[in-house]
Amino acid sequence: ETAKQEQLSSVTYKEARSSAASRRIEISSRIRQAIASNRFTLFYQPKVSLETNRVCAVEALIRWLGEDGLSPAEFIPIAESQGLIGKITTWVIKEAVEQCKLWESDGIKINIAVNISARDLHDSQLIELFVDTCREHKLDPSSITIEVTESSVMAHPELAIERLQVLRDAGFRISLDDFGTGYSSLSYLKNIPAHELKLDQSFVANICSDSRDERLARGVIDLAHDLKLSIVAEGVETEDVMLMLKEMNCEIVQGYFYSRPLDAASFKTWYKQRHND
Ligand code: C2E
Ligand code: MG
Ligand code: MG
Ligand code: MG
């Protein structure tokens, strides 16, 4: 009886595994088509300073247009595993740099943060890609922040730290994303050439109701300040959470309480309304 069950579950496991693999292959061919036919776009979500109550930057988040579009949480890992992330990152950087110039000429001088993935850190052309794209569009690299997750840095810390240092020396801002989920040891953290830490939203959501989360958030904010890094809390959905973060001396916040990620035109309208200029 058990042997039969085992056999059965092994068959379903194999089936599930092979159907996951064929789904990955199917999606990777759709990603290639989407790149070729321009079906990706960037949405922008503000980072707001709690000191000035002004928008100090935006984060660019990729969106797949059309009804069959998946969320980045679904397709970015597939693009990574199928060797397609470099193409996506190349597109994202160019798009973000062009948008930054466009807003600049519209009187909106704002820093744009782009997300890169662990694989990108292994690409020997990553640095040239950032430097050349900015040069081509005559954009100062200090207008671009590079968000890299703590866990992708920790996958190969020596290489990551070396590449990020070159990017920092070239003038780019470096932000350590999803901080708190990547198990970096303090000795590494001290050597990561970041300007900013982003406290992962899973630590932010419940700071008003869970005293352990509150203490953790406080600890990370103090740690960032001790290391002379600025701190961004992500996933701020309510006023209570915002006020608690302010009380904890967190400088910058991002989340649905302020705005969801918006397309470029909607962001411009939102920004002009908010700042009345
Ligand atoms: P992330 O960089 O940590 O981005 C934050 C995610 O949280 C975004 O999801 C954002 O829409 C969402 N978010 C923002 N505020 C709130 C809030 O108040 N509540 C909640 N529940 N969620 C909030 P999104 O856009 O689906 O992106 C998911 C992840 O996909 C990103 O996490 C990032 O790791 C990756 N990603 C997005 N765009 C790109 C890209 O252009 N390139 C790469 N390599 N990865 C990207
Ligand atoms: Mg990010
Ligand atoms: Mg994040
Ligand atoms: Mg994330």
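Each value, and the rule that gives it
Residues numbered from 1 in each chain as written. Chains lettered and ligands numbered in written order. Predicted model: local features only at pLDDT ≥ 70, side-chain atom pairs only at ≥ 80, totals over all residues. Heavy atoms only, no water. Helix = DSSP H or I, 4+ residues; strand = E, 2+ residues; numbered from the N terminus. Rg over C-alpha atoms; globule rule 2.2 N^0.38 Å. Areas by Shrake-Rupley, 256 points an atom, 1.4 Å probe, with all protein chains shown as cover. Lys, Arg positive; Asp, Glu negative; His and termini not counted. Charge placed at Lys NZ, Arg CZ, Asp CG, Glu CD. Donors = N, O, S within 2.8 Å, 3.2 Å for Na, K, Ca; no water. Buried < 20%, exposed > 50% of the residue type's maximum accessible area, 1.4 Å probe, protein only. Salt bridge = Lys/Arg side-chain N within 4 Å of Asp/Glu carboxyl O. Disulfide = S-S within 2.5 Å. Core = buried A, V, L, I, M, F, W, Y, C linked by side-chain atoms within 4.5 Å. Contact = heavy atoms within 4.5 Å. Phe/Tyr/Trp six-rings, centres within 6.5 Å; stacked < 30°, edge-to-face > 60°. Lys NZ or Arg CZ within 6 Å of the ring centre and 35° of its normal. Near = heavy atom within 4 Å. Polar contact = N/O pair within 3.5 Å; in protein donor to acceptor, adjacent residues only side chain to side chain.

Colleague: How should I be thinking about the overall build of the protein chain in this particular structure?
Modeller: Looking only at helices and strands, the protein chain has 11 helices and eight strands in total. A compact globule built from 277 residues would reach a C-alpha radius of gyration of about 19 Å, and the protein chain, at 20 Å, matches this within 12%. Its C-alpha atoms put the protein chain at 70 × 50 × 40 Å along the principal axes. About 14,300 Å² of surface is accessible on the protein chain, with carbon and sulfur atoms providing 50% of the total. A gap of 3 Å separates the mean positions of the 32 positive and 42 negative side-chain charges of the protein chain.

Colleague: What should I look at first to understand the coordination of the magnesium ion (ligand 3) in this one?
Modeller: Ideal values differ by geometry: the angle at a metal is 109.5 degrees with four tetrahedral donors, but 90 or 180 degrees with six octahedral donors. Taken together, the protein ligands of the magnesium ion (ligand 3) are Asp177 (OD), Asp178 (OD), Glu234 (OE) and Glu234 (OE), with distances of 2.1 to 2.4 Å. The metal-metal distance between the magnesium ion (ligand 3) and the magnesium ion (ligand 2) comes to 4.1 Å, with aspartate 177 coordinating both. Classification of aspartate 177 as buried rests on a relative accessible area of 5%.

Colleague: Looking at this model, I keep getting lost on the pattern of salt bridges. Mind explaining?
Modeller: Opposite charge on two side chains permits them to pair, given that their charged atoms come into close proximity. Tallying each qualifying case throughout the model produces 14 salt bridges. Ionic pairing is found between aspartate 210 and arginine 212, a salt bridge with its closest N-O pair at 3.2 Å. Look at arginine 212 and you get exposed, because its relative accessible area is 56%. The salt bridge partner of glutamate 214 is arginine 218, with a shortest N-O separation of 3.0 Å. Note that glutamate 214 and arginine 218 are positioned in helix 9 (residues 211–226) at a spacing of four residues, about one turn of the helix. Taking relative accessible area as the criterion, glutamate 214 reaches 22% and is therefore assigned partly exposed. One continuous salt-bridge network, built from bridges that share partners, spans Lys47, Glu59, Glu147, Arg173, Glu196, Lys198 and Glu234.

Colleague: Honestly, unusual backbone geometry in this entry has me stumped. Any pointers?
Modeller: Excluding glycine, residues mostly carry a negative phi; peptide bonds, for their part, are mostly trans. Positive phi is not limited to glycine here, since asparagine 38 has a value of about 60°. Looking at the element boundaries, asparagine 38 is found in the loop between helix 1 (2–36) and strand 1 (40–49). Backbone geometry places lysine 138, a non-glycine residue, at a positive phi of 50°. Relative to the elements of secondary structure, lysine 138 occurs in the loop between helix 4 (126–136) and strand 4 (144–149).

Colleague: Explain the state of the cysteines to me, please; I cannot follow it from the model alone.
Modeller: According to the stated counting rule, one finds zero disulfides in the structure shown. Left without a disulfide partner, cysteine 100 is nearest to the cysteine sulfur of cysteine 134, which lies 8.2 Å away.

Colleague: What exactly am I supposed to notice about the nonpolar core here?
Modeller: With 80 residues, the main nonpolar core has Ile31, Phe130, Leu245 and Phe267 as its most contacted residues. Take this core: its biggest share by element is nine residues, from helix 3 (residues 85–105). Phenylalanine 267 has contacts with Tyr44, Pro46, Val55, Val58, Trp103, Ile110 and Leu262, leaving out every residue within four places of it along the chain.

Colleague: It is not clear to me how the packing of aromatic side chains should be interpreted in this structure. Could you clarify?
Modeller: Two measures describe an aromatic ring pair: the distance that separates the ring centres and the angle between the ring planes. Tallied over the entire structure, the rule returns 10 aromatic pairs. Between phenylalanine 267 and tyrosine 271, the ring centres sit 5.8 Å apart and the planes meet at 45°, which makes this aromatic pair tilted. With a gap of four residues between them, phenylalanine 267 and tyrosine 271 both fall in helix 11 (residues 264–275), about one helical turn apart. Of the two residues, phenylalanine 267 and tyrosine 271, both sit in the buried class. Across the ring face of tyrosine 256, the terminal group of arginine 260 is positioned such that the distance to the ring centre comes to 3.8 Å.

Colleague: Can you help me understand the coordination of the magnesium ion (ligand 2) in this one?
Modeller: Distances from the magnesium ion (ligand 2) to its protein donors, Glu59 (OE), Asn115 (OD1), Glu147 (OE) and Asp177 (OD), fall within 2.1 to 2.2 Å. All donors of the magnesium ion (ligand 2) belong to a single chain; written as a sequence motif, their spacing is E-x55-N-x31-E-x29-D.

Colleague: Honestly, the environment of serine 124 in this entry has me stumped. Any pointers?
Modeller: Its location among the elements puts serine 124 in the loop between strand 3 (111–115) and helix 4. Exposure remark for serine 124: the relative accessible area of 54% places this residue in the exposed category. Remark: the alpha-carbon pair of serine 124 and alanine 96, spanning 28 residues in sequence, is separated by 21 Å.

Colleague: Where do I start with the site of ligand 1 in this structure?
Modeller: As a matter of local geometry, ligand 1 sits amid 21 residues, with Arg63, Asn115, Asp177, Glu237 and Tyr256 nearest to it. A distance of 2.9 Å separates an oxygen atom of ligand 1 from a polar atom in the side chain of aspartate 177. Taking glutamate 237, its side chain carries an N or O atom lying 2.6 Å from a nitrogen atom of ligand 1. When ligand 1 sits alone it has 810 Å² of accessible area, and the protein chains cover 82% of it. Mapped by element, the contributors of at least two residues to the shell around ligand 1 are strand 2 (55–64), helix 2 (72–81) and strand 5 (173–179). A per-element tally of the shell around ligand 1 places strand 2 first, with four residues.

Keep in mind these values describe shape, not function.
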